[in-house]
Structure formats: C-alpha cells, structure tokens
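Spelled out, the chains give:
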Amino acid sequence: MIYFSTNKTSIPVSLKKATLEGLAPDGGLYVPSEIPHFSPEEIALLEGASFNNIAFAIAKKFIGTDIPPDQLSDMIDNCYNFDTPIVQLNSNTFVEELFCGPTLAFKDYGARFLARLTGIFAAEEDKLITVLVATSGDTGSAVAYGFQGIANTRVVLLYPSGKVSHLQEQQLTTAGGNVHALEVKGDFDDCQRMVKEAFVDPFLNKSLTLTSANSINISRLIPQSFYYGWASLQLKERYGYNNPLFSVPSGNYGNLTAGVLAKRMGFPVGRFIAASNANDSVTRYIDEGRYDPHPTITTLSTAMDVGNPSNFARLRYFYHNDHASMGRDITGIAISDEETKATIRSAYDRFGYVMEPHTAVAFRALERYRNSGNDAEKSGIVLSTAHPAKFLDAIESALDIEIGIPSNLHELMEKKKSATLIGSGYKELASFLNGLDQ
Ligand SMILES: *Cc1c(COP(=O)(O)O)cnc(C)c1O
C-alpha cells in the first residue's frame, strides 16, 4: 500500500516512510492511496472473531507484505493485551469502554501500535529513533507508556512544570528506561516552540533521527479503526443490531476519521455523531459548509478543547471537501458544560453508570440526536475515551459519590517521579539531546 499527502504535492511513500516521517514534506497528512475493502463474505467470516483477530485482519490490509504476518500478529497481541468491553445501558444504547489500557484513555490504542511499528521499521533501518513530544497531558502519557521498552526507540517528552495534574505527571515521569521526561519551567507553548526548534536544527538532525509521534501520524490513525470494526460486529453477533450509530467525543478528529475508515472498509457501521464541546469548528462546518475555526475555549472535557483540529484535513479529504457529502455520514452536535454536568448526573441516576466528561458529551449528543426524531429505534454506541478516575474533580462536582480507583492507578501513584528540570530556552533542550547516547 502506498501513502500520499492530503496536499498532493509530496511524492507518495511507503507505510514505513509515512510512519517515520509523520507529516508529509508538503505539510499535508498521509492517507492511504485507496481505502482497503472487505467483501461481505470477508466481514461475515470476522463475525464472532476476537478483538485481536479483527485488528490483525484490518492491519494486514494496510500493511500488506511490509511486515510478515506472524510478526504482525505477535505485535497486535502485544499491543492489545487488555479488554475492550461493550456495556449495555438500555435496549439499544451501548458504551464501548476504550479506557482499559495502561494510561486509562483511548489514546493507548493508537500510541501502542505506532510505537511497535516504529520499533520494527527502525530495526529494519538499523536506526535509533528519538521521539520528541511536547505534551499538556494525555498524549504524552500514552506515548510514554506506548514506547516504554520498545527497542530502537526512545522518547523525550517535554511538559510544562506545575501545569499538568498530579496523575498526569505521574504518568509522564514514571515510565523510565528509554523514556525521558523533561519538566520545563514554562508553559505548553514554550514546550511546543522548543520541540519545533529541535526539528529544524541542522546540527542536531545530523546526529539524531527525530520523529514526532503526534496524532497526525497515519500509524496512530489506522489502529483506531479496530474498535469500530469490533463493536459493529459484536453488536450484530450479541444483539442482532446492524449498522449502529457511533457517537464520538471529538477534539482533533482522529477518532472520528478512523471511524470513517472502518465504514468505508465495509464494516456494518451506521451514521456518526461528531460530539463536540463549545469548540465546534467542525460541527459548524458540517452545518454551514464554511470552515471558520475559532480560538480554543476551555471546557470540562479538556482533551476536546481544540479550536482548529489537526485531523480535519484528512476528514475533508475523504469527503472531497464537500460538506454536504460529509453531512450524509456525520451529524455534528455541540454540548455545553452545563449539559455535560447534567448528563453525568442523569446517566448515573438512570443507569447507575459513571461517565467522565468526554463520554458524557458523546452520550448527550446521541440522546439529543434521537430526541429530535432521528433513528430513535436504531442502536447507538457511545465511545468512552477515558476512565472516570482520570477526571475525578469534574465527576465529584456533579455526583455525590466516591469513585473506585483501578489497581493499576494505585501502583502508578506509588511510583517515583523521574524528570529533568530545564529552563524554557532552546539551548537547554539542545544540550540535553546532544548529551544522549548516540
Ligand atoms: C484525545 C481525546 C479525545 C479527542 O479525540 P480526537 O481523536 O482528538 O478527536 C477525547 N477524549 C479523550 C479522553 C481524549 O484523550
């Protein structure tokens, strides 16, 4: 399979190059030259298959012969050594819990796959890849734990001192081994500026092979289609539902774009609800056909606070820049913080189910869609992107209950923080990177 840039001016590349490069040289995002397709017979054969078998079948179509099947299968088992539960709330409403990985958020699905693929490609090239990331929280922790212990790779992550939660800081600073955390005396913008300077520093790039592992990497996107395929087939097999609606809590729109891939591949996936918070640039585009991104607004569902989503370029590309065509597959619904809080309460009262804010936004959007007379009978799946324990404050402000903390979180909180404190000048980052083993 060949990958080319959404900007169409860079030359097409292999998956290896697209993965190791991240962004195309023309500034576009890599997309597969064609979306692989499963025939109805192939889909029928996957009914009843395990998550990992479905993941393998999809990955194989994108990877082709670039990785031998046995190695790919081992890699998938190593990535997804945790469950992907689907919980029924009422007769036709389900929650797919994507938070059972090591960092308790759905970003583990993409980061773990990307890390292992990067390790395999780096070994083939006999290279040591240095992944450099600036993070304000969740992405960094999924990357840190994704790349932990992966040969031929190491991670250097920069986070703003005092500006991430205690839990996030523990996740960023305790992976150890090949993962180095830099605590920057500055804010997130400083971290991002320093990382950008490193990528264009000719001296540094002579001695190190840097890559970014951010959410625009095609190898983070592909694996996110696995859980759409899995849920669509599980609903069919266990409950007889076909083409369920998927409500997707969206920030950079990688998650939703992966859903579109699964649908195009031929999985029985129905309409998407793009659930956003007050950051509604895409929702407005779908309704009005005009893309007019606003500055980012801070909300309760912080991981979705994105004014100008990076994966929107891919989504647009897949719909040929046509908002009406996008609107035939996707309904955009924006949910306020007030509604999010009220939803956390009502979901708990009605189902005894605790939702963190991102999940609540998606649940509420599905409800609102059905209440306006659409597909009320149809089955619907809410993607739950984080464990409630990650957003205790928001939940406790809405509910008067104690939330159980999963055991792996207890262990995490006990671990010893290991980070190097540096100033916010680029020279300090450069000297740290130059001091790493070659
Ligand atoms: C990153 C994130 C999102 C948004 O996902 P996108 O793929 O950026 O749209 C939603 N919820 C949580 C908890 C996240 O960490």
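Residues numbered from 1 in each chain as written. Predicted model: local features only at pLDDT ≥ 70, side-chain atom pairs only at ≥ 80, totals over all residues. Heavy atoms only, no water.

This part covers the overall build of the protein. Looking only at helices and strands, the protein features 20 helices and 13 strands. Whereas a compact globule of 438 residues would reach a radius of gyration of roughly 22 Å, the protein reaches 21 Å, a difference of no more than 12%. Once the C-alpha set of the protein is aligned to its principal axes, its extents read approximately 60 × 50 × 45 Å. Counting across all 438 residues of the protein, residues that qualify as buried make up 58%. Counted over contacts in the protein with a minimum sequence separation of 6, partners at least 24 positions apart contribute 76%. As presented, the protein carries roughly 17200 Å² of accessible surface, and 49% of it is formed by carbon and sulfur atoms. Each charge class in the protein was averaged separately, 38 positive and 49 negative side chains, and the resulting centres sit 4 Å apart. (Helix = DSSP H or I, 4+ residues; strand = E, 2+ residues; numbered from the N terminus. Rg over C-alpha atoms; globule rule 2.2 N^0.38 Å. Buried < 20%, exposed > 50% of the residue type's maximum accessible area, 1.4 Å probe, protein only. Contact = heavy atoms within 4.5 Å. Areas by Shrake-Rupley, 256 points an atom, 1.4 Å probe, with all protein chains shown as cover. Lys, Arg positive; Asp, Glu negative; His and termini not counted. Charge placed at Lys NZ, Arg CZ, Asp CG, Glu CD.)

The full set close to the ligand counts 15 residues, and Lys107, Gly251, Asn252, Tyr253 and Thr385 are the nearest of them. At 2.9 Å, a backbone N or O of Tyr253 approaches an oxygen atom of the ligand. In this structure, a nitrogen atom belonging to the ligand sits 2.8 Å away from a side-chain N or O atom of Thr385. If the ligand stood free it would expose 390 Å²; the protein chains cover 95% of that surface. Of the residues assigned to the shell around the ligand, the class counts are six nonpolar, seven polar and two charged. (Near = heavy atom within 4 Å. Polar contact = N/O pair within 3.5 Å; in protein donor to acceptor, adjacent residues only side chain to side chain. Nonpolar A, V, L, I, M, F, W, Y, C, P; charged D, E, K, R; others polar.)

With respect to topology, five strands assemble into an open sheet ordered 8-5-6-7-13, the strand pairing being parallel. The two strands at the open ends of the sheet, each matched to only one other strand, are strand 8 (209–211) and strand 13 (420–422). Averaged over all pairs of adjacent strands, the angle between their axes in this sheet comes to 25°, without regard to strand direction. Each of strand 5 (129–134), strand 6 (153–160) and strand 7 (179–184) touches helix 6 (residues 138–147); the most contacted strand, strand 6, lies at about 160° to it. (Pairing = 2+ DSSP bridges. Axes fitted to C-alpha atoms, helices over the stretch in contact; angles between N-to-C directions.)

All told, the structure shown has 21 aromatic pairs when counted by the stated rule. Here Tyr228 and Phe246 contribute two aromatic rings whose centre-to-centre distance is 4.9 Å and whose plane-to-plane angle is 50°, an arrangement assigned as tilted. Taken as a pair, Tyr228 in helix 11 (residues 226–239) and Phe246 in strand 9 (residues 245–249) lie far apart in primary sequence, 18 residues in all. Taking the relative accessible area as the measure of exposure, Tyr228 reaches 0% and is therefore buried. With a centroid separation of 5.9 Å and an interplanar angle of 85°, the aromatic rings of Phe351 and Phe363 are classed as edge-to-face. Of this pair, Phe351 sits in helix 16 (residues 337–351) while Phe363 sits in helix 17 (residues 357–371), placing them 12 residues apart in sequence. (Phe/Tyr/Trp six-rings, centres within 6.5 Å; stacked < 30°, edge-to-face > 60°.)

Within the secondary structure, Ser5 is located in strand 1 (residues 3–5). Engagement of the side chain of Ser5 in a polar contact is seen with the side chain of Asp26, the distance being 2.6 Å. Not counting chain neighbours up to four residues away, the residues in contact with Ser5 comprise Ser10, Ala24, Asp26, Gly28, Leu29 and Tyr30.

Turning our attention to the pairing of strand 11 (residues 330–334). Among the five residues that make up strand 11, four are buried, leaving the element largely enclosed by the rest of the structure. Note that strand 10 (residues 272–276) and strand 11 share five bridges and pair parallel. Within the sheet, the bridge partner assigned to Ser276 lies in strand 11 and is Ala334.

Turning next to the packing of helix 3 (residues 51–63) against helix 11. Between helix 3 and helix 11, the least distance of the axes is 9 Å, while the angle of their chain directions is 125°. Relative to helix 11, helix 3 is oriented oblique. Judged by the twist between their axes, the crossing of helix 3 over helix 11 is right-handed. On the side of helix 3, the interface is formed by Phe51, Ile54, Ala55, Ile58 and Ala59, while helix 11 contributes Phe226, Tyr227, Gly229, Trp230 and Leu233. Classifying every residue of the contact of helix 3 with helix 11 gives nine nonpolar, one polar and no charged. (Parallel < 35°, antiparallel > 145°, perpendicular 65-115°, else oblique. Left-handed = near helix turned anticlockwise from the far one by under 90°.)

Take Met194: it is sitting in helix 8 (residues 188–199). Look at Met194 and you get buried, because its relative accessible area is 0%. Taking the C-alpha atoms as reference points, Met194 and Val133, separated by 61 residues in sequence, lie 9.9 Å from one another. When near neighbours in sequence (up to four residues on either side) are disregarded, Met194 contacts Leu158, Val184, Ile422, Gly423, Ser424, Gly425, Tyr426 and Leu429.

Grouped together as the largest cluster of nonpolar side chains are 95 residues, with contacts concentrated most on Phe113, Phe226, Phe267 and Ile330. If sequence neighbours within four positions are ignored, Phe113 has contacts with Ala59, Ile63, Met75, Ile76, Cys79, Tyr80, Ser219, Pro223 and Phe226. By size, the runner-up hydrophobic cluster in this structure holds 25 residues, among which are Val95, Ile333, Met355 and Ala398. (Core = buried A, V, L, I, M, F, W, Y, C linked by side-chain atoms within 4.5 Å.)

The mixed open sheet is built from six strands, whose spatial order is 3-4-12-9-10-11. Across the chains shown, the open sheet's two edge strands, defined by having one partner strand only, are strand 3 (86–90) and strand 11. Across this sheet, the average inter-strand angle for adjacent strands is 25°, counted without regard to direction. Sheet topology note: the strand 9/strand 10 ladder contains four bridges and is parallel. Paired with Val248 across the bridge in strand 10 is Ala274. Contacting strand 9, strand 10, strand 11 and strand 12 (380–384), helix 12 (residues 254–265) crosses the sheet at an angle of about 175° to strand 10. Along the sheet, helix 13 (residues 281–288) makes contact with strand 10 and strand 11, crossing strand 11 at roughly 130°.

Inspection of the secondary structure puts Lys107 in helix 5 (residues 107–124). A residue is classified by how much of its surface remains accessible, and Lys107, at 18% relative accessible area, is buried. Each residue touching Lys107, except ones within four places of it in the same chain, is listed here: Thr139, Ala142 and Arg220.

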